[in-house]
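Tertiary structure, described
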Amino acid sequence: MQQFPFFYQESNTSTEALFCEDLDISEITNVFGTPLFVYSKQRILDNINAFKNAADNTGHPWKISYALKANSNIELLRIISAQDVGASIVSGGELRAALTAGFQPEQITFDGPGKTDAEIDLALRTKIKAIVVESSQELEVVHSQAIALGIVAPVYIRINPHVDAKTHPYISTGLLENKFGIDIDQVLDLIKTFHSPWLNIIGLHTHIGSQITTITPFVEAAESIKHLVLKLKQEASVDIKYLDLGGGRGIQYHNIITHPNIPFENSTNDALIPTHEEFLSSIANVFNGMDIELTVEPGRAIIADTAILVSKVLYTKSNTKRTFVIVDAAMNDLIRPSLYGAYHQIVPVSIVANPEIHLASVVGPICETGDFLALDRELPIINRSDLVAVMCVGAYGFSLSSNYNLRPKAAEVLIDGSKVRIIRKRQTIEDILL
Ligand SMILES: Cc1ncc(COP(=O)(O)O)c(C=O)c1O
């Protein structure tokens, strides 16, 4: 893998400044303003290659399928689709985006517990690889629409394997109290009662959660599914050819960038994150000797660390309890800290010599106490008009952004070596109101 594309380097202003690939971030914001999502093309390619190389090294034929929900910017999708990976979608909108970006229908699988009739119709007509069915009622709808269209529906059944992913409850999906999938104990009966020439049940799917930093829950889910595959063969004569083990691979969020003048962050989890190869080979081992195509559908692990959110400091203030750094990015731009207490490293765009370090909370302008990007964080002193960069925001950053408080959405730019181009224009208030 190449060097991490975000790093500090001497700049025209003689202090050390944050760069992305060959470009100085502060010069980019002079042109495009803030808040601004800045993506590195090189990092996207590196992340995909790292996954593919690790998959090759396991000796098992893996398919990598990018989960569009993590980030569906059409220009980024064009880059990803050109790398010969599949697309995992969760809505009719994402289906349109995937096709527009160049993914082929036979590379696309459609997940999600609440597909509308219109979305199922579109998926069948488009002839995607598989509709991932999450309930018996959905299977009935797929069945009746397949008959109406005269198309045999390719189906995967999403399994709820009762596995605790030990991640934040809001992004845990493999337990019976979660709305996802069909209880693994109900699948055999369902498939037995649903024999039809219009349904081609070719695969099983599971996705146990996101930002999972250990291998054990994935292997537990894989073991349960293997057991089910064997049972389906023996007791229902159903041959499962495809197994999609979902996304969920966790990544490092601390110390993404280091410099002697910015505080080192304490983290227990990051050091333990297994390599792609350890992760993929542990799962592949479960299916040793079985003639089955394995897929993973990562979102975060492909796109999270390819981007930063650059924001300008509007004001600072202190009271006896806290110091606040109020910046022009807010929870509408990056909701992860407010939604699940997610951690993002925040660093100054310009390094100052011998900085005084203090505890500060980086907050946005939105009228909610929950509108924060970091609470009580050790940071070098930051002043009005300084720029800060929030690291690792490529996944579930822009894709979860909103217009709350009638704030226009931020612009997105892509850096490719010494070139920068806008890949999403900054919204204007007219875009929202009219
Ligand atoms: C079905 C499914 N697949 C893949 C993903 C991608 O997960 P991650 O970004 O954690 O890799 C998600 C995200 O929640 C998902 O729901």
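Residues numbered from 1 in each chain as written. Predicted model: local features only at pLDDT ≥ 70, side-chain atom pairs only at ≥ 80, totals over all residues.

When helices and strands are counted, the protein shows twelve helices and 21 strands. Taken over C-alpha atoms, the radius of gyration comes to 23 Å for the protein, in line with the 22 Å a tight globule of 434 residues would show. Its C-alpha atoms give the protein principal-axis dimensions of about 70 × 50 × 45 Å. The 434 residues of the protein split such that 45% are buried. (Helix = DSSP H or I, 4+ residues; strand = E, 2+ residues; numbered from the N terminus. Rg over C-alpha atoms; globule rule 2.2 N^0.38 Å. Buried ≥ 20, exposed ≤ 12 C-beta atoms within 10 Å, placed from the backbone.)

This paragraph deals with the nonpolar core. Residues Val-38 and Val-390 are the most contacted members of the largest nonpolar core, which totals 121 residues. If one sorts the elements of this core by residue count, helix α8 (residues 216–236) sits on top with seven residues. When neighbours within four sequence positions are excluded, Val-390 is seen to be in contact with Ile-308, Leu-309, Ser-311, Ala-329, Leu-334, His-344, Ile-346 and Leu-373. (Core = buried A, V, L, I, M, F, W, Y, C linked by C-beta atoms within 7 Å. Contact = placed C-beta atoms within 7 Å.)

Across the interface, α8 lies against helix α9 (residues 276–286) with an axial gap of 9 Å and an inter-helix angle of 20°. When the axes of α8 and α9 are compared, the pair comes out roughly parallel. Crossing handedness for the pair α8 and α9: right-handed. Every residue of α9 that contacts α8 at Phe-218, Val-219, Ala-222, Glu-223 and Lys-226 is listed here: Phe-279, Ser-282, Ile-283 and Val-286. Split into classes, the residues belonging to the contact of α8 with α9 amount to six nonpolar, one polar and two charged. (Axes fitted to C-alpha atoms, helices over the stretch in contact; angles between N-to-C directions. Parallel < 35°, antiparallel > 145°, perpendicular 65-115°, else oblique. Left-handed = near helix turned anticlockwise from the far one by under 90°. Nonpolar A, V, L, I, M, F, W, Y, C, P; charged D, E, K, R; others polar.)

Attention shifts here to the site of the ligand. Around the ligand there are 17 residues in total, and Ala-67, Ser-210, Gly-247, Gly-299 and Arg-300 lie nearest to it. Its residues assigned to classes, the shell around the ligand shows five nonpolar, seven polar and five charged. (Near = placed C-beta within 6 Å.)

This part covers the environment of Thr-193. The residue Thr-193 is located in helix α7 (residues 187–193) in this model. The spacing of Thr-193 and Ala-236 is 43 residues in sequence and 9.7 Å in space, taken between C-alpha atoms.

Once that is clear, we can look at the domain arrangement of the protein. How big an interface is tends to be stated in terms of accessible area lost as the parts join. Each domain of the protein was delimited in the assignment, giving domain 1 (6–40 + 305–433) and domain 2 (41–302). Taken over C-alpha atoms, the centre of domain 1 sits 31 Å from the centre of domain 2. The interface is formed by 32 residues belonging to domain 1 together with 28 residues belonging to domain 2. Along the lines of polarity and charge, the residues of the side of domain 1 that touches domain 2 split into 20 nonpolar, six polar and six charged. (Domains from an automatic or database assignment.)

Moving on, we come to the packing of helix α2 (residues 41–57) against α9. As a packed pair, α2 and α9 sit with axes 9 Å apart at the nearest point and diverge in direction by 45°. Classified by the interaxial angle, the pair formed by α2 and α9 is oblique. Of the two elements, α2 crosses α9, and the hand of that crossing is right-handed. Residues Ala-50, Phe-51, Ala-54, Ala-55 and Asn-57 of α2 form the contact with α9, whose own contacting residues are His-276, Glu-277 and Leu-280. Its residues assigned to classes, the contact of α2 with α9 shows five nonpolar, two polar and one charged.

Listing the buried residues of helix α3 (residues 74–81) in full gives Leu-76, Leu-77, Ile-79, Ile-80 and Ser-81. Of the surrounding secondary structure, the elements contacted by the buried residues of α3 are β4 (36–40), α2, β5 (62–67), α4 (92–100) and β21 (419–424).

Bridge analysis of strand β15 (residues 323–327) against strand β17 (residues 357–363) gives three bridges, and the strand direction is parallel. Considered in β17, the bridge of Phe-324 is made with Ser-361. Inspection of the sheet shows β17 paired to strand β18 (residues 372–380) by six bridges, in the antiparallel sense. Pairing of Leu-359 across the sheet is with Glu-378, part of β18. (Pairing = 2+ DSSP bridges.)

Further remarks concern the pairing of β15. Pairing between strand β14 (residues 307–318) and β15: five bridges, direction antiparallel. Across the sheet, Val-313 pairs through a bridge with Val-327, a residue of β15. Taking the residues between adjacent antiparallel strands as the criterion, β14 and β15 are bridged by four residues.

A few words now on the sheet that holds strand β2 (residues 16–20). The strand order β1-β2-β3 describes an open sheet built from three strands, whose pairing is antiparallel. Every other strand in the sheet has two partners, leaving β1 (6–10) and β3 (23–24) as the edge strands with one partner each. Both β2 and β3 contribute to a ladder of two bridges, which runs antiparallel. Directly across from Phe-19, in β3, lies its bridge partner Asp-24.

Take unusual backbone geometry next. The omega angle of the peptide bond from Thr-34 to Pro-35 is -10°, so this bond is cis rather than trans. Examined against the element boundaries, Pro-35 turns out to sit in the loop between α1 (25–32) and β4. If you check the backbone angles, Asp-376 has positive phi at about 45° while not being a glycine. By the element assignment, Asp-376 lies in strand β18. Note on Asp-376: 13 C-beta atoms within 10 Å, which makes it partly exposed. Its identity is not glycine, yet Cys-392 carries a phi of approximately 60°, on the positive side. For Cys-392, the position within the fold is in the loop between β19 (387–391) and β20 (411–416).

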